[in-house]
Amino acid sequence: MNSAIVLGAVVLVSIIGTVLFLKSRRRSGVLDDGSQTGRIRNLIAEAEVKAKSIQKEAESSAKELILKGRLETEENYKLKMQELQIQERDLRGLEIRLERRHSDLDRTEQESRRLEQSLGERKKVLEQKEQEYGTLVDQTRKTLEKVSGISSEQAKKMLMDEFLSEVRHDAAKKAKQIEDEIKDSSEQKAKKIISLAVERLAGEWVQESTVSTVKLPSDDMKGRIIGREGRNIRTLEALTGVDLIIDETPGAVVLSSHNPVRREIARVALERLLQDGRIHPARIEETLTKVTQEVEKGIREAGQAALFELDIHGVHPEIVKLLGSLKFRYSYAQNVLRHSIEVGFLCGMMGAELGLNQKIARRAGLLHDIGKALTHEIEGSHAVIGGEVAKKYGEPAEVVHGIWAHHEDIPQESVLDHLVEAADALSGARPGARMEQAEAYVKRLEDLERIATSFDNIEKAYAIQAGRELRVMVQPGKVNDDMANLICRDIAKQIEKELTYPGQIKVTVIRETRAVTYAK
């Protein structure tokens with residue numbers, strides 16, 4: 001339609017242009033009026049015919065376009081109407097839902113107002129009852145204070161104290177009960193833990209305490225020590241009771257035995273055999289016999305020197321031998337023989353101050369660890385073993401009992417028993433005796449006493465036995481037996497939390513009531 005209109009317009013413009021051109025030519029005299037007039041009329045007539053034809057086509061195309069546009073407009077209108085109807089329907093549904101929600105909100109608001117009104121009424125009733133209750137409590141308090149003669153604050157304090165006392169008492173009883181149950185059920189577990197600890201950690205200590213090393217001039221000597229078909233090493237092990245360990249360690253042979261005397265005999269004998277160079281069963285037996293005699297002689301001389309140093313006489317030869325063998329024993333890097341001599345001196349000095357028999361006190365102190373010479377052969381506590389040996393070889397009864405009781409394996413009965421225990425603790429705990437610095441020693445004692453006195457109802461605290469035991473005196477009027485047990489546990493826990501120390505620390509809480517009066 002647009003192209004037909006444009007074409008018609010172009011034809012009209014051309015005709016108009018032609019007419020104007022002819023008119024201008026006529027004015028200029030170029031064209032002849034008679035000859036050109038007919039031609040112009042013909043052109044105009046043709047142009048008018050074409051213009052009418054084009055106009056008709058344009059009108060026809062325009063009508064078609066108008067009809068088509070009308071149909072499209074009607075279709076779009078119908079679609080829009082359908083969409084509007086759908087939206088109108090959705091809006092009506094939404095409006096209905098909103099009206100329902102509005103109704104629900106109205107009902108909820110009415111219910112809330114009713115509840116609020118009800119709560120307000122209840123609050124008024126409660127306030128009124130609270131006032132009545134407060135008045136009643138005041139009246140009751142005044143009546144009770146008047147009847148009892150004490151104020152409410154005093155009564156409250158009394159109730160609180162009683163409640164705390166009951167709670168502490170119950171807690172102490174419960175703690176004692178739990179502790180007893182743990183003691184009953186933990187023995188087997190403790191044995192397992194100890195066995196595991198021994199298996200995992202005891203290697204270094206066992207090696208240090210049960211092994212001696214003999215240096216070799218060359219590794220060729222290992223073959224000579226073993227001998228043909230192992231005869232030499234079997235002879236050495238059989239005669240000495242010591243295991244010889246010959247491995248890839250260069251220039252050394254290891255001797256292993258729990259018996260320090262046998263290990264010393266084997267060491268000296270092997271060193272002499274290496275110096276002599278002749279190693280065979282007969283020579284080994286001969287050398288061991290000589291070395292055994294020399295070592296036993298040295299042991300007797302060491303025992304006699306200890307007795308001479310303390311001016312002690314009349315001791316059985318077997319005890320002298322056992323005493324001398326202690327020079328090969330060590331406890332926490334402290335030589336047991338020197339430790340025994342120190343205990344003898346300390347025990348004798350304290351016995352003299354207390355008016356006891358000084359020689360008996362020295363004797364008991366010197367022999368208190370005699371059982372350590374036999375612990376590798378006899379099972380049991382060295383105190384019990386030593387007491388049995390002393391009794392067997394005719395030592396005085398007070399000496400025997402002092403040996404038995406110096407670690408409280410049996411109850412202590414005499415002053416001498418306590419002196420032996422105290423002297424043993426002094427010798428083992430003095431600074432430097434067991435590789436402990438004096439500053440650390442004093443500091444541990446001070447810390448132990450400080451921790452104990454930081455608790456309530458404690459009168460005094462004493463750290464004894466070089467800090468291996470703490471004795472605490474409590475106020476008997478404020479602490480009962482159950483509370484004493486609880487305080488003991490609390491102190492032990494605080495020590496574990498604050499201090500670092502070897503071994504264990506024994507905490508003893510002492511509660512005693514003394515009744516004193518005077519006859520006049």
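Residues numbered from 1 in each chain as written. Predicted model: local features only at pLDDT ≥ 70, side-chain atom pairs only at ≥ 80, totals over all residues. Heavy atoms only, no water.

Draft legend 1. Representation of the packing of helix α9 (residues 281–309) against helix α10 (residues 317–325) within the structure. Running from N to C, α9 and α10 cross one another at 95°; their axes reach a closest spacing of 7 Å. Between α9 and α10, the crossing angle belongs to the class labelled roughly perpendicular. Listed contacts from α10 to Glu-296, Ile-299, Arg-300, Ala-302, Gly-303, Gln-304, Ala-306 and Leu-307 of α9 are Val-320, Lys-321, Leu-323, Gly-324 and Ser-325. Residues belonging to the contact of α9 with α10 are distributed by class as follows: six nonpolar, four polar and three charged. (Axes fitted to C-alpha atoms, helices over the stretch in contact; angles between N-to-C directions. Helix = DSSP H or I, 4+ residues; strand = E, 2+ residues; numbered from the N terminus. Parallel < 35°, antiparallel > 145°, perpendicular 65-115°, else oblique. Contact = heavy atoms within 4.5 Å. Nonpolar A, V, L, I, M, F, W, Y, C, P; charged D, E, K, R; others polar.)

Draft legend 2. Molecular detail of the packing of helix α13 (residues 382–392) against helix α14 (residues 397–405). Where α13 contacts α14, the two axes come as close as 7 Å, and the packing angle between them is 165°. By the criterion of interaxial angle, the relationship of α13 to α14 is roughly antiparallel. For the pair α13 and α14, the sense of crossing is right-handed. When α13 is examined against α14, the residues Ala-383, Val-384, Gly-386, Gly-387, Glu-388, Ala-390 and Lys-391 are found in contact with a partner set consisting of Val-400, Ile-403 and Trp-404. Along the lines of polarity and charge, the residues of the contact of α13 with α14 split into six nonpolar, two polar and two charged. (Left-handed = near helix turned anticlockwise from the far one by under 90°.)

Draft legend 3. Seen up close, the sheet that holds strand β8 (residues 506–510). Read across the open sheet, the three strands follow the order β6-β7-β8; overall the sheet is mixed. Because the sheet does not close on itself, it has two edges, and the strands there are β6 (458–464) and β8. The average undirected angle you get between the axes of adjacent strands in this sheet is 15°. The pairing of strand β7 (residues 469–474) with β8 spans five bridges and is classified as parallel. By the bridge assignment, Glu-469 is partnered in β8 with Lys-506. Relative to the sheet, helix α17 (residues 481–498) contacts β6, β7 and β8, its axis offset from that of β8 by approximately 150°. (Pairing = 2+ DSSP bridges.)

Draft legend 4. Summary view of unusual backbone geometry. Even without glycine at this site, Glu-229 takes up a positive phi of about 55°. Secondary-structure assignment places Glu-229 in the loop between α6 (220–226) and α7 (231–240). On the basis of relative accessibility, which here comes to 67%, the residue Glu-229 falls in the exposed class. One non-glycine residue, Asn-457, lies in the positive phi region at around 65°. With respect to the helices and strands, the residue Asn-457 is situated in the loop between α16 (438–453) and β6. (Buried < 20%, exposed > 50% of the residue type's maximum accessible area, 1.4 Å probe, protein only.)

Draft legend 5. Representation of the nonpolar core within the structure. Within the largest apolar cluster, 35 residues are counted, with the highest numbers of intra-cluster contacts made by Leu-307, Leu-323, Leu-337, Cys-347, Leu-366, Leu-367 and Leu-416. For this core, the secondary-structure elements that each account for two or more residues are α9, α10, α11 (336–353), α12 (358–366), α13, α14 and α15 (415–429). Counting residues per element, this core draws most heavily on α11, at five residues. (Core = buried A, V, L, I, M, F, W, Y, C linked by side-chain atoms within 4.5 Å.)

Fair warning: the whole summary comes from geometry, so function is off the table for now.
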